[in-house]
Amino acid sequence: MTDNEPRDFIRKIIYDDLESGKHTGIVTRFPPEPNGYLHIGHVMAICLDFGVAAETGGKTFLRLDDTNPGKESPEFVQAIKDDVHWLGFDWGDRLTHASDYFDHLHESAIRLIEMGAAYVDSLSAEAIREHRGTLTKPGTNSPFRDRSVEENLDLFSRMYAGEFADGEHVLRAKIDMASPNMNLRDPAIYRIRHIPHQNAGDKWCIYPMYDFAHGLSDAYEGITHSLCTLEFEDHRPLYDWFLDQLKPEHRPRQIEFSRLNLAYTITSKRKLKMLVDEGIVSDWDDPRMPTISGMRRRGYPPEALREFVKRAGVTKKDKLIEMGALENCVRETLGDSAPRRMAVLRPLKVVLTNYPEDQVESMEAMNHPGNPDFGTRALPFSRELWIDQDDFMEEAPRKFFRLKPGGEVRLRFGYIIRCDEVIKNDAGEVFELRCSYDPDTRSGTGKSDRKVKGTIHWVSCQHAIDASVRLYDRLFNDANPNMADDFHSVLNASSLEVVAAKLEPSLAAGDDAVQFERLGYFSVDAQDSTPDAPVFNRIVTLRDSWAKLEKQALQK
RNA sequence: UGGGGCGUAGCCAAGUGGUAAGGCAUCGGGUUUUGAUCCCGUGUAUCGCAGGUUCGAAUCCUGCCGCCCCAGCCA
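Residues numbered from 1 in each chain as written. Chains lettered and ligands numbered in written order. Predicted model: local features only at pLDDT ≥ 70, side-chain atom pairs only at ≥ 80, totals over all residues. Heavy atoms only, no water.

## A word on the protein's contact with RNA strand B
With respect to spatial proximity, 63 residues lie near RNA strand B, and among them K317, F401, S443, R543 and S545 are the closest. Near the protein, within 4 Å, the atoms of RNA strand B are sugar or phosphate in 69% of cases. Between RNA strand B and R193, the relevant distance is 2.6 Å, taken from a phosphate oxygen to a side-chain nitrogen or oxygen of the residue. One of the side-chain N or O atoms of H235 is found 3.2 Å from a base nitrogen in RNA strand B. Sorting the residues of the surface near RNA strand B by element identifies α5 (125-131), β6 (188-192), α11 (302-312), β11 (319-321), α12 (323-337) and α13 (545-555) as the ones contributing at least two each. The leading source of residues in the surface near RNA strand B is α13, at four residues. In terms of residue class, the surface near RNA strand B is built from 20 nonpolar, 16 polar and 27 charged. (Near = heavy atom within 4 Å. Polar contact = N/O pair within 3.5 Å; in protein donor to acceptor, adjacent residues only side chain to side chain. Helix = DSSP H or I, 4+ residues; strand = E, 2+ residues; numbered from the N terminus. Nonpolar A, V, L, I, M, F, W, Y, C, P; charged D, E, K, R; others polar.)

What follows is the structure in structure tokens.
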């Protein structure tokens, strides 16, 4: 147990239930509907459901909530399993489906009918809506509400037998059409759908609704605490109503917490699906997507996501968390684990005019400045180098301590160089820099104690590897696109930029996440990269206080 | 306008009658061959507002305001 650590309100309830002896073991479930990919919001639920069970020595079911065939598919089931595993959680032999319980559910529905607590309604969907009333006006009873038990049983068995078309009849719980809680106005519990099911195949043509299936599934599995998001709070009376009526052996308790919203992104499966279907992103695992698979492909480490949701906390307050908070978790974990490398994103040629034509030196470079265990590597150095265009300014402000005409800068793990001449192309763009190096300043020799303010990264031209590097930015320009009338209007048109980069030779090995020094963390794109044409994704930039200064200067 | 939920610093978040933790961000400063990391320091938070109870209120009471969710045969 994690004593002394502040516990969220749900853990308090659960730990209390353990201490009071109400429960001797905790059983939770993570119940996604396999109708899309899991996203950052689900990470929170996964960490809570699996986390609290693991902490208490309990168990967690991964339950596919597949009560609505037509929207659900095995592809999504597989993706969900992959994502939960990747995040670091294990359900053991507790992979279940709501559809595993269709027989029990069907029997329970019949019991409800026998108890006079459910009836077959033959009103059209539209008529049912009209009878439901509004938020301020009570509903009115369906003319079919008082059918006899026998008639209901007969009708329901014929629904089951496939005698009716979709929508002809529906089974409803008989509760209270005047309830101020809309969910209690005789909710539908079974509907007719002549459509095969992703797990149950052709066995059924009637399917249970979420409210009916969920609580009972929880009960069948012996779930002690059924954790869900706030929008189901209104459903809790209904959840409890079914349990009150049917009195299953185990009685689960539903507890609701607020969803986690990430600024500048959306967490609605429906909208994420639109991004995919409309080709705005390449697929569900596009590295810009807030899906688990997208973040995985982008290179986010799972421990960073776990740390992120831990910091976010579990409460009932609506949250919209800054993107920076997530990115910071990613930087923190990668900062420790990623080896350092050098790469030039927007190459600008530097010729060292006083360096021997055919000479190549080998520079020793640390793989991690803070951790000697990472060792060192050899970096080839020669007369022609690539540096980043951002590291040169023809007319530089005072505080710019990179390269400028007549100015000096240190090449990381190399020499101090001075910019002697700026060569431009016909369009007047800076095309090449003629520089001279100071042979006494070779890194690590201690021959000179000269200091220069700036250090920049570089790659030897003749040794460089060409690679395509994808630079990602937020998908939306609005902090809360969830609330936009039409998310298309707040899309960030430049969320992806692809550059032709030059990499140091050791990057051919294609490691896991690495840091390109002074630029950020990058990883090989598992799908598109090939040995001949490497493709890297930028996971996240480094913090950049220079960019911040520039931005402030612009605002003045 | 019915019902449910939520309001503590820019973003999260502890706190449950004894005088406002912590994290992230911000802003200073130090170290640094990554303008990174690291290290120090940095916040008058009218605890949504207004009344009330109390020696004492973010915590209790009353009234108000704001935001979110609910009228699928979706989950």
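## Topic: unusual backbone geometry
A negative phi angle characterises most non-glycine residues, just as the trans form characterises most peptide bonds. Although it is not a glycine, K247 adopts a positive phi angle of roughly 45°. For K247, the location among the structural elements is in the loop between α8 (236-246) and β9 (253-257). Classification of K247 as exposed rests on a relative accessible area of 65%. Of note, R518 is a non-glycine position whose phi angle comes to about 70°, a positive value. Mapped onto the fold, R518 is located in the loop between β25 (514-516) and β26 (520-524). With a relative accessible area of 34%, R518 lands in the partly exposed category. (Buried < 20%, exposed > 50% of the residue type's maximum accessible area, 1.4 Å probe, protein only.)

## Considerations on the sheet that holds strand β2 (residues 59-64)
For sheets, the rule is that strands pair by backbone hydrogen bonds, running either parallel or antiparallel. An order of β1-β2-β3 is seen for the three strands of this open sheet, with the pairing classed as parallel. Of all strands in the sheet, those with a lone pairing partner are β1 (27-30) and β3 (95-97), marking the two edges. Neighbouring strand axes in the sheet, compared pairwise and without regard to direction, differ in orientation by 35° on average. As paired elements, β1 and β2 share four bridges and run parallel to each other. In the sheet register, V27 faces β2, and the bridge partner there is K59. Its contacts with the sheet put helix α7 (residues 210-221) on β1, β2 and β3, and the angle it makes with β2 is roughly 140°. (Pairing = 2+ DSSP bridges. Axes fitted to C-alpha atoms, helices over the stretch in contact; angles between N-to-C directions. Contact = heavy atoms within 4.5 Å.)

## Quick notes on the packing of aromatic side chains
A complete count under the given rule lists 22 aromatic pairs for this structure. Among the aromatic residues, those joined into a ring-pair cluster are F156, Y190, F212, W241 and F242. Above the ring of Y15, the side-chain terminus of R7 is found at 4.0 Å from the ring centroid. When the ring centre of Y264 is taken as origin, the NZ or CZ atom of R474, which lies over that ring, is 3.7 Å away. (Phe/Tyr/Trp six-rings, centres within 6.5 Å; stacked < 30°, edge-to-face > 60°. Lys NZ or Arg CZ within 6 Å of the ring centre and 35° of its normal.)

## Some thoughts on the pairing of strand β18 (residues 408-411)
Pairing of β18 with strand β19 (residues 416-424) involves three bridges; the strand directions are antiparallel. Residue pairing across strands places E408 opposite R418, the latter belonging to β19. Hairpin remark: β18 followed by β19, antiparallel, with four residues in the connecting loop; positive phi at F413, about 60°. Examined bridge by bridge, β18 and strand β21 (residues 455-456) share two bridges and lie parallel to one another. Bridge pairing in β21 places R410 opposite T455.

## Regarding the sheet that holds strand β20 (residues 430-438)
Spatial ordering of the open sheet is given by β21-β18-β19-β20-β14-β17-β22, a layout of seven strands whose pairing is mixed. Two strands in the sheet have a free side with no partner beyond their single neighbour: β21 and β22 (459-460). Two strands pair when backbone bridges link them, and strand β14 (residues 347-352) and β20 are joined in this way by four bridges, in the parallel orientation. Looking across to β20, one finds that K349 is bridged to E432.

## A word on the layout of surface pockets
Empty space within the second largest pocket amounts to approximately 1200 Å³. Taken together, 36 residues make up the lining of the second largest pocket; nearest its centre are E33, N35, E231, F232 and K269. At the level of elements, β1, α2 (40-55), α7, β8 (225-229) and α9 (269-277) are the ones that each hand at least two residues to the lining of the second largest pocket. Per-element accounting of the lining of the second largest pocket gives the leading share, five residues, to α2. For the lining of the second largest pocket, the domains that each give at least three residues are domain 1 (9-257) and domain 2 (269-339 + 467-555). (1 Å grid on protein atoms, 1.4 Å probe; cavity = no way out; pocket = protein on both sides within 12 Å on 5 of 7 lines; lining within 4 Å. Points joined across faces, edges and corners; volume = space filled by probe spheres on them. Domains from an automatic or database assignment.)

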